[in-house]
Amino acid sequence: MTKGSVTCPFCGESFLHEIKHDNTLLEELVRIKKPLLILAGPGTGKTHALAYKMRHLIKKEGVPKDEIAVITFTNEAAISMRKKISSEGNDDTYIEPELQPSAIWTMHKFCNNIIGDYHSELGLDKEIEVIPSQKLKNILIKDSAQLVGARRRAGEDTILCRQKGECNKNANLKCKICSQYEQLKREYKLIDYDDQIFLVCKLLKEHDQILKKIQRGARYLLVDEYQDINYAQWELIKLLSKGNTNNLFVVGDDYQSIYSFRGGDPKYIRNFEKDYKPDAVVKHLLKSWRCPQNILRGAFFMVHKYCGGDIKILDDIEFKNKSNAKIKAKTFVYQIPEAAYLAATIKGLGPSNDVLILIPWLSYAGPIKNALRSKHVNFSCEYDLEDTDLYLINVLLSWLNDTSNDFRLRLLIEEIINRGASDIPAEQTERRGTEKSIRKREEAIKQISNYWMERGKGLTLYKKIKALNKQEEFVKLVEIIAGLRKAYKSGDDSVSFIAEIMKKLKLWRNLSAFKEEMNSIYEEVKSLAVPPGENSVRIMTRNKAKGLQADYVFLIGLENGVWPKADANDFEKAENSRLLYVSMTRAKKGLYILHSKARERKITGYKIAGRSEFIEAIPKEYIDEMDSSA
């Protein structure tokens, strides 16, 4: 191997190390006229690489902006990319507004635009609507399961299959459920987010002239977060780049593939060379700008144990962050002293540092928020809007504004049931209920699901529900819905209407719950206006950490039984280790891993069993083991 060269951990190919100056390697990469995958680890400049490629195409090669398409994984990434090329201070990536590509979109936005232009070729109505939420989509799929004679839980296989994006129709149950769901959508002129990709792939495969036209607008195709794509997205990229693969430029890192629950699979990034052989090229960015080397090395060794790869790549990384900070690990006997230590430590960091606190799920936030408030530390905390009582009010008002909208009412019904306001068992019964409670739920909801087959002229879901009011399990549900509709129609007495909502839906069961929800919303809004230089402290679940960074990162809840779960298989442990890798490598100055020997069961949801095995997978030389605290 040539002196100063580097070996790709997956393909074994050698290539020159980035040695001249910061953009030397990028300058080489953007000139490659072959299908190119750039493996970009955390903090190595993935967004910069994409923006640099865009600028090179437009400013150096004179490529028309309308021949460039940039596909991102999230709306936030698309916005970040646009900001990157719009910043005049970034000479390496700045592109004048009039020269910028218009097609910097998420894959769903990209496909939705195509569907709008070619709806007739797809047999769709021009006014086609997208099902607005994953929650409603899942309800309708489970309704469809009942319509084909199965239990609601059978719909979960169909949901997962659609998320993976690989449709091989046959006579099995999940395909029957899917076909029923497709029929329901057609009748109501609806599509969902999965359909946006499916339909465009179908369109491009069946209409060669349309394919060629769309390809002209994506002659140079740049794809972000390639490790997170599913089968349908992989197929779409193949179709768009067909005949033009030498202009395909994708970036990603299979160690950062954390969205299997959405259908993402790291096998597509690992198979890039095979998919685009014989010309595919795989390169690696090897300057780490963000993490202190002990933190990145510790994270790398940990994830390598569960996911494999070439550990020797660490020897070729040039660490621009020269800090020798180690990972700080500390054990507590209980969650309260843990939260107190966290708050005191953050207070001591001073106002010039921003902090990210990553937790397994939102139930962990309570003690932490109380401790931060006691230290007068301003913070923002992620909250699941769909779990709040304000969300339920919004769903209610949405239907009351248009009581003929069956889907808004269907969502409202499910929310009322799942919050325990009716006599019908909640959705969690499908997984953890007794056979009697499961059967009770199935029989009751089946009468609602049947509406999709019974609907005809003049019949609405509201009328169907009202007709069920003589059945014992529906009495309370009908009383709630009909009573709120009547109160809403009665006039402008907002006080009486709000009182009726509180009474019927049993919102904020106590003052403490009301205060906590209002505090969460207030703190979130207040955080949007944090003055420059003021300490920014964010609490969020670990799966929201992707794309973020902070001076100091605190990881909470690294206990066996939680992270990983007690019954986790090898696949799940690998996914969890990648999620931990992403979480650890958000840190620019310091990383704290905190573990508690005991927590309230209502917080964890699971029995914890000692310090997480993931911590034990980090070599000792990268960890500063702090004394345990009472």
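Residues numbered from 1 in each chain as written. Predicted model: local features only at pLDDT ≥ 70, side-chain atom pairs only at ≥ 80, totals over all residues. Heavy atoms only, no water.

1. Examining the overall build of the protein chain
Part 1: A count of helices and strands for the protein chain gives 27 helices and 19 strands.
Part 2: For the protein chain, with 630 residues in total, the buried portion stands at 53%.
Part 3: Relative to all contacts within the protein chain whose residues are 6 or more apart in sequence, the contacts with residues 24 or more apart total 78%.
Part 4: Within the structure as shown, the protein chain displays about 28,700 Å² of accessible surface, and the carbon and sulfur contribution to it stands at 50%.
Part 5: Averaged over its 101 positive side-chain charges, the protein chain has a centre that lies 2 Å from the centre of its 86 negative ones. (Helix = DSSP H or I, 4+ residues; strand = E, 2+ residues; numbered from the N terminus. Buried < 20%, exposed > 50% of the residue type's maximum accessible area, 1.4 Å probe, protein only. Contact = heavy atoms within 4.5 Å. Areas by Shrake-Rupley, 256 points an atom, 1.4 Å probe, with all protein chains shown as cover. Lys, Arg positive; Asp, Glu negative; His and termini not counted. Charge placed at Lys NZ, Arg CZ, Asp CG, Glu CD.)

2. Considering the side chain of Asn353
Part 1: Mapped onto the elements, Asn353 comes out in the loop between helix 14 (335-349) and strand 14 (355-359).
Part 2: Side-chain polar atoms of Asn353 contact the backbone oxygen of Leu349, separated by 2.9 Å.
Part 3: Within the structure, the side chain of Asn353 is placed 2.7 Å from the side chain of Lys589, a separation counted as a polar contact. (Polar contact = N/O pair within 3.5 Å; in protein donor to acceptor, adjacent residues only side chain to side chain.)

3. Describing the pattern of salt bridges
Part 1: Enumeration according to the criterion identifies 55 salt bridges in this entry.
Part 2: Residue Lys137 pairs with Asp194 through a salt bridge whose shortest N-O separation is 2.7 Å. In this pair, Lys137 sits in helix 5 (residues 134-147) while Asp194 sits in helix 8 (residues 193-206), placing the two residues 57 residues apart along the sequence.
Part 3: Owing to a relative accessible area of 4%, Lys137 belongs among the buried residues under this scheme.
Part 4: Each member of the salt-bridge network shares a partner with another, and the members are Lys142, Asp143, Arg152, Arg153, Glu156, Arg410, Glu414, Glu427, Glu430, Arg431 and Arg441. (Salt bridge = Lys/Arg side-chain N within 4 Å of Asp/Glu carboxyl O.)

4. Some thoughts on the packing of aromatic side chains
Part 1: Evaluated as defined, the whole model comprises 20 aromatic pairs.
Part 2: With centroids separated by 5.2 Å and ring planes inclined at 85°, the aromatic side chains of Trp508 and Phe514 adopt a geometry described as edge-to-face.
Part 3: Trp508 gets classed as buried once you look at its relative accessible area, which sits at 11%.
Part 4: An aromatic cluster of at least three residues, connected via ring pairs, comprises Tyr188, Phe407, Tyr451 and Trp452.
Part 5: Above the face of the Trp563 ring, Arg542 is positioned so that its terminal group lies 4.1 Å from the ring centre. (Phe/Tyr/Trp six-rings, centres within 6.5 Å; stacked < 30°, edge-to-face > 60°. Lys NZ or Arg CZ within 6 Å of the ring centre and 35° of its normal.)

5. Quick word on the nonpolar core
Part 1: Membership of the largest hydrophobic core comes to 71 residues, with the highest contact counts inside it found for Ile357, Leu372, Phe554 and Met584.
Part 2: Those residues in contact with Met584 that lie beyond four places of it in its chain are Ile295, Gly298, Ala299, Met302, Ile327, Leu555, Leu591, Ile593 and Ile618. (Core = buried A, V, L, I, M, F, W, Y, C linked by side-chain atoms within 4.5 Å.)

6. Let's talk about the pairing of strand 3 (residues 36-40)
Part 1: With 5 of 5 residues buried, strand 3 lies mostly within the body of the structure.
Part 2: As paired elements, strand 3 and strand 9 (residues 248-252) share 4 bridges and run parallel to each other. Note that in strand 9 the partner of Leu37 across the bridge is Val250.
Part 3: Pairing analysis gives 5 bridges linking strand 3 to strand 10 (residues 281-285), with the strands arranged parallel. Counted as the bridge partner of Leu39 is His284 from strand 10. (Pairing = 2+ DSSP bridges.)

7. Thoughts on the sheet that holds strand 17 (residues 550-556)
Strands belonging to one sheet form pairs held by backbone hydrogen bonds; the direction of such a pair is parallel or antiparallel.
Part 1: Strand order in the open sheet formed by 7 strands is 15-16-14-17-18-13-19, with parallel pairing between adjacent strands. Unpaired on one side and paired on the other, strand 15 (380-381) and strand 19 (623-625) mark the two borders of the sheet.
Part 2: Across 4 bridges, the pairing between strand 14 and strand 17 is parallel. By the bridge assignment for strand 17, Val355 is matched with Tyr552.
Part 3: Together, strand 13 (327-332), strand 14, strand 16 (537-541), strand 17 and strand 18 (587-596) form the strand contacts of helix 14, whose direction differs from that of strand 18 by roughly 165°. (Axes fitted to C-alpha atoms, helices over the stretch in contact; angles between N-to-C directions.)

8. Comments concerning the packing of helix 17 (residues 406-418) against helix 22 (residues 475-489)
Part 1: Two elements in contact, helix 17 and helix 22, have axes whose closest approach is 11 Å; the angle formed by their N-to-C orientations is 125°. Between helix 17 and helix 22, the angle falls in the class oblique. In terms of crossing hand, the pair formed by helix 17 and helix 22 is right-handed. Of the residues in helix 22, those touching helix 17 at Leu409, Ile413 and Ile416 are Leu477, Ile480 and Ile481.
Part 2: Split by residue class, the contact of helix 17 with helix 22 holds 6 nonpolar, no polar and no charged. (Parallel < 35°, antiparallel > 145°, perpendicular 65-115°, else oblique. Left-handed = near helix turned anticlockwise from the far one by under 90°. Nonpolar A, V, L, I, M, F, W, Y, C, P; charged D, E, K, R; others polar.)

9. Some remarks on the sheet that holds strand 5 (residues 104-106)
Part 1: What the 6 strands build is an open sheet, ordered 5-4-8-9-3-10; its pairing is parallel. Every other strand in the sheet has two partners, leaving strand 5 and strand 10 as the edge strands with one partner each. Mean inter-strand twist for the sheet, computed between neighbouring axes without regard to direction, equals 20°.
Part 2: When strand 4 (residues 68-72) meets strand 5, the two strands line up parallel, connected through 3 bridges. What sits directly across from Val70, in strand 5, is Ile104.
Part 3: Strand contacts of helix 3 (residues 75-86): strand 4 and strand 5, with the helix running at about 170° to strand 5, the strand carrying the most contacts.
Part 4: Strands in contact with helix 4 (residues 107-117) are strand 4 and strand 5; relative to strand 5, the strand with the most contacts, it is inclined by about 100°.

10. Re the confidence of the model for the protein chain
Part 1: Mean pLDDT over the protein chain stands at 88; residues scoring 70 or higher make up 94%.
Part 2: The least confident element of the protein chain, judged by mean pLDDT, is strand 2 (residues 14-16) at 34; the most confident is strand 8 (residues 220-223) at 97.
Part 3: Ignoring residues within four places in sequence, the model shows residues 1-21, a span with pLDDT below 50, making 50 contacts including any to other chains. (pLDDT = per-residue confidence, 0-100.)

11. So, the environment of Tyr220
Part 1: Within the secondary structure, Tyr220 sits in strand 8.
Part 2: Judged by relative accessible area, Tyr220 falls into the buried class, the value being 7%.
Part 3: Non-local contacts of Tyr220, meaning those with residues more than four positions away in its chain, are made with Leu57, Glu61, Val63, Glu67, Ile68, Ala69 and Asn247.

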